[in-house]
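Structure assessment
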Amino acid sequence: MSVFSVFHIAGSALSAQSMRLNAVASNLANADSLVGADGKPYRAKQVVFEAVPVNGESGQGVRVKQVVEDASPGRLVYDPKSPAANEQGYVTMSNVSVVDEMVNMISASRSYQTNAEVMNTAKQLLLKTLTLGQ
Amino acid sequence: MASKIDNALSFQQQALSLRAYRQQVLAGNIANADTPNYKARDFDFSTALKEASAGRSSGSLALVTTAPAHLPGGAEASPARLLYRSPVQASADGNTVDMDVERGQFSENAMQYEAGLTFITQQVKTLLAAVAA
């Protein structure tokens, strides 16, 4: 039934947006990290969305296709006292852009909110359908 | 055999199932508001309702199967012919979902769905009154 797949579609969007929010949290937490798990400076992670059919019907859900690492160069900070400094005294920090991440966070939370509202509307419609004819 | 009560309610029933389908399509648009290259879909409600009342579904192109070995064909049987929305302000990532339009249409469609439910309820009450009288 169509109204039930609204739950699947909006639910897929909720989980995709929460993954995006997760990536934002990881990026913001590591904005000042010197080295990541691989010993190199932390690289910002971005999620890529993709539309997928839900339940074999024509409705389009969404899922995270892949998580890509930002290829832009890391910030150079002059800090000769740091153990990670090069000969000129510069330290390569993570390439996280805090402003970009904040914008991403607001966008993700708004999208999450909208899809939660879509689910709420679908729930109301279904409840009204259940009381049909009374 | 369709009874008279069935006939009385079938128009509203078709309208309601098309509304439910449109709700699903619009939810898909809202869900994909941040997907690159996603094109917003919608369908013309009045055309779809006319075709549904006339007994033909515009979206389905089922193949005729005359032998048990025939395959049913891969054409998806959707209740209406889905079209693409023409964007007012296209975004750089190729996405054509306009959140304001989608939200507006979604709310409108939800209201129309509830109106359809009210119509059916009233029709049932009318029939019950005729039975009880």
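I will try to describe carefully the structure that is included in this document. Quick caveat: nothing in here was measured; it's all calculated off a predicted structure.

If you tally the helices and strands in chain B, you get three helices and two strands. When the helices and strands of chain B are read in sequence order from the N terminus, they spell out α-β-α-β-α. A burial count over chain B gives 26% of its 133 residues as buried. Residue pairs at least 24 apart in sequence account for 68% of intrachain contacts in chain B once pairs closer than 6 positions are excluded.

Turning next to helix 2 (residues 98-130) of chain A. Here helix 2 of chain A spans 48 Å end to end across 33 residues, near enough to the 48 Å set by a 1.5 Å rise per residue. Among all positions in helix 2 of chain A, only A:Asn104, A:Ala108, A:Ser111, A:Asn115, A:Val118, A:Thr121, A:Ala122 and A:Leu125 are buried.

Our next topic: the packing of helix 1 (residues 4-31) of chain B against helix 2 (residues 45-53) of chain B. Residue and element names in this part refer to chain B. Two numbers describe how helix 1 lies on helix 2: the axes approach to 10 Å, and their chain directions differ by 135 degrees. Accordingly, the angle class assigned to the pair helix 1 and helix 2 is oblique. Helix 2 is crossed by helix 1, and the crossing has right-handed handedness. Contact with helix 1, carried on its side by Phe-11, Gln-14, Ala-15, Leu-18 and Arg-22, involves Phe-45, Ala-48, Leu-49, Ala-52 and Ser-53 of helix 2 and no other residues of that element. Broken down by class, the residue content of the contact of helix 1 with helix 2 amounts to seven nonpolar, two polar and one charged.

Attention now goes to the packing of helix 1 of chain B against helix 3 (residues 99-132) of chain B. Residues and elements named next belong to chain B. The N-to-C vectors of helix 1 and helix 3 enclose an angle of 160 degrees; their axes lie 9 Å apart at closest approach. In terms of axis orientation, helix 1 runs roughly antiparallel to helix 3. You can see that helix 1 and helix 3 cross each other, and the crossing is left-handed. Per-class residue counts for the contact of helix 1 with helix 3 are 14 nonpolar, eight polar and three charged.

This part covers helix 1 of chain B. Under the 1.5 Å per step criterion, the end-to-end length of helix 1 of chain B is 41 Å for 28 residues, consistent within 8% with the ideal 40 Å. At B:Ser10, helix 1 of chain B is deflected by roughly 40 degrees, the largest bend along its length.

As a further point, take the interface of chain A and chain B. Counting residues at the interface gives 28 residues for chain A, matched by 27 residues for chain B. Considered class by class, the residues forming the side of chain A that touches chain B number twelve nonpolar, 14 polar and two charged.

What counts as what
- Residues numbered from 1 in each chain as written.
- Chains lettered and ligands numbered in written order.
- Predicted model: local features only at pLDDT ≥ 70, side-chain atom pairs only at ≥ 80, totals over all residues.
- Helix = DSSP H or I, 4+ residues; strand = E, 2+ residues; numbered from the N terminus.
- Buried ≥ 20, exposed ≤ 12 C-beta atoms within 10 Å, placed from the backbone.
- Contact = placed C-beta atoms within 7 Å.
- Expected span 1.5 Å × (residues − 1).
- Axes fitted to C-alpha atoms, helices over the stretch in contact; angles between N-to-C directions.
- Parallel < 35°, antiparallel > 145°, perpendicular 65-115°, else oblique.
- Left-handed = near helix turned anticlockwise from the far one by under 90°.
- Nonpolar A, V, L, I, M, F, W, Y, C, P; charged D, E, K, R; others polar.
- Bend = angle between axes of the 7 residues up to and from the residue.

Don't take any of this as a statement about function, it's just geometry.
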